[in-house]
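Per-entry structural report
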Amino acid sequence: MEPLAAPAAALSPGRTQLGSRTAALADVGVTGLRRLATSRILVVGAGGLGAPVVAYLAGIGRLTVVDPDVVDASNLARQTLFTAADVGSPKAQVAVARAVAVDPELDAVAVVGSFTPDLVAGHDVVVDAADSVVVTRAVSDACAAAGVPFVWGSVLGHDGQVSVFRDAGGDGVDFHDLHPDALPDEGSCALDGVVPALCGAVGAVMAGQVFALVTGSGDPLLGRVLTVDARRWRWTESPVRRGPASRRPAPAGAAAPRIAPAALAARVADPSDPLVVVDVRTAEERAAGVVAGAVTDDTGSDEVVVYCARGPRADAWAARQPAGRRVAVLDGGFEAWRREGLPVAIEHRS
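So, here is what we can say about the structure in this document. Predicted model, so just to flag it, every value in this text is computed and none were measured.

How each quantity is defined
- Residues numbered from 1 in each chain as written.
- Predicted model: local features only at pLDDT ≥ 70, side-chain atom pairs only at ≥ 80, totals over all residues.
- Heavy atoms only, no water.
- Salt bridge = Lys/Arg side-chain N within 4 Å of Asp/Glu carboxyl O.
- Helix = DSSP H or I, 4+ residues; strand = E, 2+ residues; numbered from the N terminus.
- Buried < 20%, exposed > 50% of the residue type's maximum accessible area, 1.4 Å probe, protein only.
- Pairing = 2+ DSSP bridges.
- Right-handed = clockwise from strand over helix to strand, strands pointing away.
- Phe/Tyr/Trp six-rings, centres within 6.5 Å; stacked < 30°, edge-to-face > 60°.
- Axes fitted to C-alpha atoms, helices over the stretch in contact; angles between N-to-C directions.
- Contact = heavy atoms within 4.5 Å.

It is possible for side chains of opposite charge to pair when their charged atoms get near one another. Under the criterion given, the structure shown has 17 salt bridges. Ionic pairing is found between Asp-124 and Arg-40, a salt bridge with its closest N-O pair at 2.8 Å. You can see Asp-124 sitting in the loop between strand S3 (107-111) and strand S4 (125-128) and its partner Arg-40 sitting in strand S1 (residues 40-44), a full 84 residues away along the chain. Note on Asp-124: relative accessible area 14%, which makes it buried. Judged by relative accessible area, Arg-40 falls into the partly exposed class, the value being 32%. Between Lys-91 and Asp-69 there is a salt bridge, and its shortest N-O distance comes to 3.5 Å. Linking Lys-91 in helix H5 (residues 91-102) with Asp-69 in the loop between strand S2 (62-66) and H5, this pair joins segments that are 22 residues apart in sequence. Assessed through its relative accessible area of 5%, Lys-91 is described here as buried. A cluster of three or more residues bridged by salt bridges with shared partners is formed by Asp-159, Asp-229, Arg-231 and Arg-232.

What follows covers the pairing of strand S11 (residues 303-307). Within S11, four of the five residues are buried, leaving the element largely enclosed by the surrounding structure. Pairing geometry for S11 and strand S12 (residues 326-330), over four bridges, is parallel. Its bridge partner lying in S12, Val-305 is registered against Ala-328. Handedness of the S11-helix H12 (residues 312-319)-S12 crossover: right-handed.

On to the packing of aromatic side chains. Under the definition given, this model contains five aromatic pairs. Ring centres of Phe-165 and Phe-175 lie 6.2 Å apart, and the angle between their planes is 85°; this geometry places the pair in the edge-to-face category. Separated by ten residues along the polypeptide, Phe-165 in strand S6 (residues 159-165) and Phe-175 in helix H7 (residues 175-178) bring together distant segments of the chain. Phe-165 sits in the buried class, given a relative accessible area of 1%.

What follows concerns the sheet that holds strand S7 (residues 224-229). What the eight strands build is an open sheet, ordered S3-S2-S1-S4-S5-S6-S7-S8; its pairing is mixed. Taken across any chain shown, the strands that pair with only one partner, and hence form the sheet edges, are S3 and strand S8 (234-239). On average, adjacent strands in this sheet sit at an angle of 15° to one another, irrespective of strand direction. As defined by bridge partners, S7 adjoins S8 across six bridges and the pair is classed as antiparallel. In the strand pairing of S8, Val-225 is matched with Ser-238.

Take the environment of Val-125 next. By the secondary structure assignment, Val-125 is in strand S4. You can call Val-125 buried: its relative accessible area is 0%. As a C-alpha pair, Val-125 and Asn-75 span 50 residues in sequence and 26 Å in three-dimensional space. Sequence-distant contacts of Val-125, defined by excluding residues within four places in its chain, comprise Leu-4, Arg-40, Ile-41, Leu-42, Val-148, Pro-149, Val-151, Val-210, Leu-213 and Val-214.

Encoded structure:
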């Protein structure tokens, strides 16, 4: 395909040395490096998938990383941009700092917050590394409206997927053609687990798709989904087409950010923290245990964390809250909280 980025007029000595092995590729050369040097990439999510993507984008012109979360100790085995010293720091800020440490000429911006459609403007490629169906639908719609391609990846358990979508003017396929039903996120790494190296494998393929789109080298996964089974390490490819029954779900609001169980436990244990925890499970579910101090509803607190058993009901509750209210969802729900051995209270305060 035709490359997306126009070549820069010249390269600095530092950029030339940084990309010397890339330029040695016969179908890339110095012109490919110069295209990378003008490319503008938006990466949504700086976790297990975003980490290898950011690590392999050295040499691009501008990098924007969007993530509302902070580094948790449970992230370190698979989110390779971070170290123990980064625990508690915003992921987007740490990811950008690591990228600039590798490539000091990089124009890098950290957005500590959730994805919003206006962020797509001014970028050549969007990378959806948030691993959330809700976020991906918002990214898909925003990119289709702006005519910008996006690279998508997902990992859970032993399974991973990668594809590239470009739906400029409605004449291509997008994420809705792969998943036409507007279902909420049904799994989480906190609850279901994930093979750490699978994140690296899928994230590296995603970064490779950015490289192909920007430089015109190779054949990106447009209209194709690459699937990997990490039990047998078997990769398969399937076509994605827009069928006659394809439909677009009604646009959803931005997904609420996640908070790790350990991070919530630390805040609950701090008596000076004004955070309110809301439990939206049934009375029967709550009888088996709750997060200490959780309430069954709250309409006035400034900052809230909501949870259910696994996450979907909490997402739905968060989506109904008024704009501007700070609401996060417990990653993996109460099942993840219990699995990590965190304190469970028996009495419930309503």
